[in-house]
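For reference, the chains in residue letters:
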Amino acid sequence: MLRKKTNSMQSIAEKKKSQNIAEYLIYMYQMEDLIRSYQGNMDEIKHYVISHYPVSEAEKQEITRWFEGLLEQMKTEGILEKGHLGELNRIVENLLHLHYELLKTDKNHFETYNKAKPFILYAILAADGENPGNEIQICLNGVYGLLLCRLLGKKVDKQQLTAAEAFGAVLSLLNFNYQQRIFMSPTK
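Residues numbered from 1 in each chain as written. Predicted model: local features only at pLDDT ≥ 70, side-chain atom pairs only at ≥ 80, totals over all residues. Heavy atoms only, no water.

## Considerations on the side chain of Asn175
Part 1 of the reasoning: With respect to the secondary-structure elements, Asn175 resides in helix H8 (residues 158–184).
Part 2 of the reasoning: Of the residues examined, Asn175 reaches a relative accessible area of 9% and is grouped as buried. (Helix = DSSP H or I, 4+ residues; strand = E, 2+ residues; numbered from the N terminus. Buried < 20%, exposed > 50% of the residue type's maximum accessible area, 1.4 Å probe, protein only.)

## Notes on the packing of aromatic side chains
Part 1 of the reasoning: In this structure the tally under the stated criterion is 3 aromatic pairs.
Part 2 of the reasoning: Summarising the aromatic geometry, the rings of Tyr38 and Tyr48 are spaced 6.1 Å apart at their centres and angled 10 degrees between planes, so their arrangement reads as stacked. In this pair, Tyr38 sits in the loop between helix H2 (21–37) and helix H3 (42–48) while Tyr48 sits in helix H3, placing the two residues 10 residues apart along the sequence.
Part 3 of the reasoning: With relative accessibility at 48%, the residue Tyr48 sits in the partly exposed group.
Part 4 of the reasoning: On the numbers, 5.5 Å between centres and 65 degrees between planes, the contact of Trp66 with Phe67 is edge-to-face.
Part 5 of the reasoning: Its relative accessible area of 12% is what places Trp66 among the buried residues. (Phe/Tyr/Trp six-rings, centres within 6.5 Å; stacked < 30°, edge-to-face > 60°.)

## Let's talk about the nonpolar core
Part 1 of the reasoning: One finds Leu25, Trp66, Phe67, Ile136 and Leu140 to be the most contacted residues of the largest nonpolar core, which totals 50 residues.
Part 2 of the reasoning: Listed by contribution, the elements that provide at least two residues to this core are helix H1 (9–19), H2, H3, helix H4 (57–76), helix H5 (86–105), helix H6 (107–126), helix H7 (135–151) and H8.
Part 3 of the reasoning: Per-element accounting of this core gives the leading share, 11 residues, to H2.
Part 4 of the reasoning: Those residues in contact with Trp66, other than ones at most four positions away along the chain, are Met9, Gln10, Ala13, Tyr27, Met28 and Met31. (Core = buried A, V, L, I, M, F, W, Y, C linked by side-chain atoms within 4.5 Å. Contact = heavy atoms within 4.5 Å.)

## Overview of the packing of H2 against H5
Part 1 of the reasoning: Where H2 contacts H5, the axes come no closer than 11 Å and their chain directions differ by 150 degrees. Accordingly, the angle class assigned to the pair H2 and H5 is roughly antiparallel. Crossing geometry of H2 relative to H5 is assigned as left-handed. Facing Ile21, Tyr24, Leu25, Met28, Tyr29 and Glu32 of H2, the residues of H5 in contact are Glu87, Leu88, Ile91, Val92 and Leu95.
Part 2 of the reasoning: Across the contact of H2 with H5, the residue classes tally to 9 nonpolar, no polar and 2 charged. (Axes fitted to C-alpha atoms, helices over the stretch in contact; angles between N-to-C directions. Parallel < 35°, antiparallel > 145°, perpendicular 65-115°, else oblique. Left-handed = near helix turned anticlockwise from the far one by under 90°. Nonpolar A, V, L, I, M, F, W, Y, C, P; charged D, E, K, R; others polar.)

## Notes on the environment of Gln159
Part 1 of the reasoning: Residue placement: Gln159 occurs in helix H8.
Part 2 of the reasoning: Under the relative-accessibility criterion, Gln159 is labelled partly exposed at 39%.
Part 3 of the reasoning: With 40 residues separating them in the primary sequence, Gln159 and Phe119 have C-alpha atoms 8.7 Å apart.
Part 4 of the reasoning: Contacts of Gln159, omitting those with residues within four sequence positions, involve Phe119 and Tyr122.

## Brief notes about H8
Part 1 of the reasoning: Between its first and last C-alpha atoms H8 spans 39 Å; for 27 residues at 1.5 Å apiece the expected length is 39 Å, and the two agree.
Part 2 of the reasoning: Within H8, burial applies to Ala163, Ala164, Ala166, Phe167, Val170, Leu171, Leu173, Leu174, Asn175, Asn177, Tyr178 and Gln179.
Part 3 of the reasoning: If you follow the buried residues of H8, they end up packed against H1, H2, H5, H6 and H7.
Part 4 of the reasoning: With a side-chain oxygen positioned 3.2 Å from the backbone nitrogen of Gln159, the residue opening H8 is Asp157. (Expected span 1.5 Å × (residues − 1). Polar contact = N/O pair within 3.5 Å; in protein donor to acceptor, adjacent residues only side chain to side chain.)

## With respect to H1
In an α-helix, one full turn covers 3.6 residues, which means residues spaced three or four apart are oriented alike.
Part 1 of the reasoning: Burial in H1 covers these residues: Met9, Ser11 and Ala13.
Part 2 of the reasoning: On its buried side, H1 packs onto H2 and H4.

## Quick notes on the pattern of salt bridges
When the charged atoms of two side chains with opposite charge come close together, those side chains can pair.
Part 1 of the reasoning: Across all of its chains, the model carries 6 salt bridges by this definition.
Part 2 of the reasoning: With a closest N to O distance of 2.6 Å, Glu101 and Arg181 form a salt bridge. Within this pair, whereas Glu101 is found in helix H5, its partner Arg181 is found in helix H8, the two being separated by 80 residues in sequence.
Part 3 of the reasoning: Lys107 serves as the salt-bridge partner of Glu111, at 3.8 Å between the closest nitrogen and oxygen. Residue Glu111 and its partner Lys107 are both found in helix H6; the two are separated by 4 residues, about one turn of the helix.
Part 4 of the reasoning: According to the relative accessible area criterion, Lys107 is exposed, its value standing at 64%. (Salt bridge = Lys/Arg side-chain N within 4 Å of Asp/Glu carboxyl O.)

Here is the structure:
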């Protein structure tokens, strides 16, 4: 049975997942944070978010079910206050392994990573003893942080912008290689 193609949040996520894995991760981080901003209160999410989405009532119900599923996963995994869904963490781990492999085999990736490395080290030092995650998580957090600053109308300094550009370049190359592996995989 063919499903009608919608522009619901879920279909946006699915499209991002199939086309740009880093964009998908950042989009899902936004959805996790959106749920957290309403303390997981689905009535408020429906009222303040879903009701304003410019789609049909049927699509709003679909979006509601999707958010309910995300909320349930977040509760089950104990990440309603902080952290990321296990599925997202596994994708980051897969990207990290691909990153390590590419460092050894792809000169372009190595050079791109070296441009981002000082910003990664800075992020580790700035974490002041907290665990900022692995190198790929730091790149994702840097790009997501820039997005949040812009959404909130905060001033972005030149170093943050330069870091986010370097992180984005690493993520872009990773996505390219990640997508090639998916499309060239014998299981597809």
